[in-house]
Amino acid sequence: IENALFGMGNPLLDIIAVVDTIFLEKYGLKENDQILAEEKHKELFDEMVKKYKVEYHAGGSTLNSIKVAQWMIQMPHKAATFFGCIGKDHFGGILKEKAEEVHVDAYYYEQSEEPTGTCAACITGDNRSLVANLAAANCYKKDKHLDLEENWKLVQKAKVFYIAGFFLTVSEESILKVAKHACENNKLFCLNLSAPFISQYFMQPLMRIMPYVDILFGNETEAAAFAKEQGFETKGIEEIAKKTQELSKENKKRQRVVVFTQGKEGTVMAKGGKVEVFPVVKMNPSEIVDTNGAGDAFVGGFLSELVQDKSLDQCIYAGHYAANVIIRRAGCTFPEKPDFH
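The name an unreviewed UniProt entry gives the protein chain is Adenosine kinase, with Denticeps clupeoides as the organism. Heading Sequence similarities (unreviewed entry) of the UniProt record for the protein chain holds this comment: "Belongs to the carbohydrate kinase PfkB family."

Here you go:
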C-alpha cells in the first residue's frame, strides 16, 4: 500500500572517490568511519573533486534505506515516504530527481539559507570513510514541515517508521513526535545507531528515544561504542544485543528486537531473550566494488519485508540480499529489478 513505510533523515548528495591513504591522513580520517565535517574538512570536498575521479550519487543514510526498500517492493510506487531538508540549488534538484526515479514519495522542506548537504565518501580498498557536511539537512524544522497537516497525514498513513540515528543531531523533537505516534498506535518504530559518534556524543537524546524503539539496527563498531557508553561491561556482540534488547520500553505490546550486522560475519538478532546469528551470503572479495551503503541497503531490504508483515528471519534474508547487490556497485545504487525470492 502507498506510504506504508515512512522515513525521515538527512538527504545528502554523496561525492564518491577512490582516494589514497595520504589523503585520509591529511584530513585526519580513519579508513572506516562516519563523521560530521568540521572546519578542517572544508577544503576536502574541493580537493576531492579536483584530484580524483568523483561520482555523484543521491545519498543520506535514511534516504538510501528508503530507496532500497522501495526498489525491493517494486509495486506499488510510493510505498515509501521520505521527509528531509534541502537547499534550493542544483544538488537539491538532483536529490529530488533521484528520489522520483526510484518512485519514493519524497517531501522536502526547502529553504535558501543553507545549500543542500553533501557527504564525501573516501574509498580505500574495502573501506569507506564518510565525511558529512549536513548544511541544509541540519535545517529541518518540526513546526515548518512535520506539523503541517498535509505532511502529518502521511505519517498517519504509515505503519512502519525508520529513522537513522544521524537525525538525532538535527531534530530530536521531530523524531519524538513520530516515535510517540507509532507507540500510541501500536505501529513499528525503527532506529539505527548509525555511527560511533552518536553513542559517544548524543547518548542523552538517543536514550530519550530508545523507549519507543521497536527495532534497533547497528553494526559491530556502533554496537561496541553503545555498550561502552552504557557501561555494559561486555565486548561480546551477542551479549550487547541481549542487553540492548532488555532496555526499558514504552509499548509493552511489542518486545524490542535488536539487529546487529558485522560485515562479512553473521548478523545477530536478539528478540525475546534469545540471540540468533544469521550467516551472510558468501562472496569473493574481488566482487566487492565498494561497501558504501551496505548497511543502509541491509536495512532497506529488511524494511521492505517488514512492511509486508513477513517474518523477522525473512526480513534478515532480504537485508542480506540487498546488501549483497549494493556492494557490487559504486555507491548505494541498484539494478532495475531485484531477483529476491
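Re the overall build of the protein chain
The secondary structure content of the protein chain amounts to 13 helices and 14 strands. Over its C-alpha trace the protein chain gives a radius of gyration of 18 Å, about what one expects of a compact globule, namely 20 Å for 341 residues. Seen along its three principal axes, the alpha-carbon backbone of the protein chain occupies a region of about 55 × 45 × 40 Å. For the protein chain, the proportion of its 341 residues judged to be buried stands at 59%. Accessible surface computed for the protein chain: about 14800 Å², of which carbon and sulfur atoms make up 49%.

Overview of the pattern of salt bridges
Between side chains of opposite charge, a pair can form as their charged atoms come close. Per the counting criterion, the structure on display carries 14 salt bridges. The residue D147 makes a salt bridge to K142 at a minimum N-O spacing of 3.1 Å. Judged by relative accessible area, D147 falls into the partly exposed class, the value being 29%. Salt-bridge contacts for K159 lead to D309; the nearest nitrogen and oxygen are separated by 3.4 Å. Of this pair, K159 sits in the loop between helix 6 (149-157) and strand 9 (160-164) while D309 sits in the loop between helix 12 (294-306) and helix 13 (312-326), placing them 150 residues apart in sequence. On the basis of relative accessibility, which here comes to 28%, the residue K159 falls in the partly exposed class. One network of salt bridges, in which partners are shared, links K26, E47 and K51.

Quick word on the sheet that holds strand 14 (residues 274-278)
If you walk across this open sheet you meet the nine strands as 6-5-1-9-10-11-12-13-14, and the pairing is mixed. One side of each edge strand has no neighbouring strand; the edge strands of this open sheet are strand 6 (105-111) and strand 14. With strand direction ignored, the average angle separating the axes of adjacent strands in the sheet is 20 degrees. Packing against the sheet, helix 10 (residues 220-230) makes contact with strand 10 (188-192), strand 11 (215-219) and strand 12 (257-262), and its axis sits at approximately 110 degrees to strand 11.

Concerning the environment of F334
Topologically, F334 is positioned in the segment after helix 13. Note on F334: relative accessible area 14%, which makes it buried. Separated by 267 residues in sequence, F334 and K67 place their C-alpha atoms 9.7 Å apart. When residues no more than four places from it in sequence are discounted, the contact partners of F334 are K67, V68, W71, V102, I326 and R329.

A closer look at the nonpolar core
Among the nonpolar cores identified, the biggest contains 107 residues, and F189, I215, F302 and L306 are the most heavily contacted of them. Looking at this core, the element that brings in the most residues is helix 13, giving nine residues. Leaving out residues up to four positions away in the same chain, I215 has contacts with L188, F189, C190, L191, V257, V259, F302, L306 and L312. Of all hydrophobic cores here, the second largest spans 15 residues; its members include I15, A17, L24 and L44.

Thoughts on the packing of aromatic side chains
Inspection of every chain in the model, using the stated rule, returns 17 aromatic pairs. Residues F82 and Y108 carry aromatic rings whose centres are separated by 6.2 Å and whose planes lie at 65 degrees to one another, so their mutual orientation is edge-to-face. You can see F82 sitting in strand 5 (residues 80-87) and its partner Y108 sitting in strand 6, a full 26 residues away along the chain. Classification of F82 as buried rests on a relative accessible area of 0%. Here Y108 falls in the buried class, since its relative accessible area comes to 12%. Of note, K177 hangs over the ring of W152, and the distance from its end group to the ring centre comes to 4.3 Å.

As for the UniProt feature "active site" (unreviewed entry) in the protein chain
Cross-referencing UniProt, the feature "active site" (unreviewed entry) maps to D296 in the present numbering. Tracing the chain through its elements places D296 in helix 12. Its relative accessible area of 14% is what places D296 among the buried residues.

Observations concerning the pairing of strand 9
Taken across its five residues, strand 9 has five buried, putting it largely inside the fold. In strand 9, alternate side chains face the same way, and those of V160, Y162 and A164 on one face and F161 and I163 on the other are all buried. Pairing geometry for strand 1 (residues 5-8) and strand 9, over three bridges, is parallel. Residue pairing for strand 9: L5 is matched across the bridge by V160.

Reading the values: rules and limits
- Residues numbered from 1 in each chain as written.
- Predicted model: local features only at pLDDT ≥ 70, side-chain atom pairs only at ≥ 80, totals over all residues.
- Heavy atoms only, no water.
- UniProt positions renumbered as here; feature names shortened; annotations may be inferred.
- Helix = DSSP H or I, 4+ residues; strand = E, 2+ residues; numbered from the N terminus.
- Rg over C-alpha atoms; globule rule 2.2 N^0.38 Å.
- Buried < 20%, exposed > 50% of the residue type's maximum accessible area, 1.4 Å probe, protein only.
- Areas by Shrake-Rupley, 256 points an atom, 1.4 Å probe, with all protein chains shown as cover.
- Salt bridge = Lys/Arg side-chain N within 4 Å of Asp/Glu carboxyl O.
- Pairing = 2+ DSSP bridges.
- Axes fitted to C-alpha atoms, helices over the stretch in contact; angles between N-to-C directions.
- Contact = heavy atoms within 4.5 Å.
- Core = buried A, V, L, I, M, F, W, Y, C linked by side-chain atoms within 4.5 Å.
- Phe/Tyr/Trp six-rings, centres within 6.5 Å; stacked < 30°, edge-to-face > 60°.
- Lys NZ or Arg CZ within 6 Å of the ring centre and 35° of its normal.

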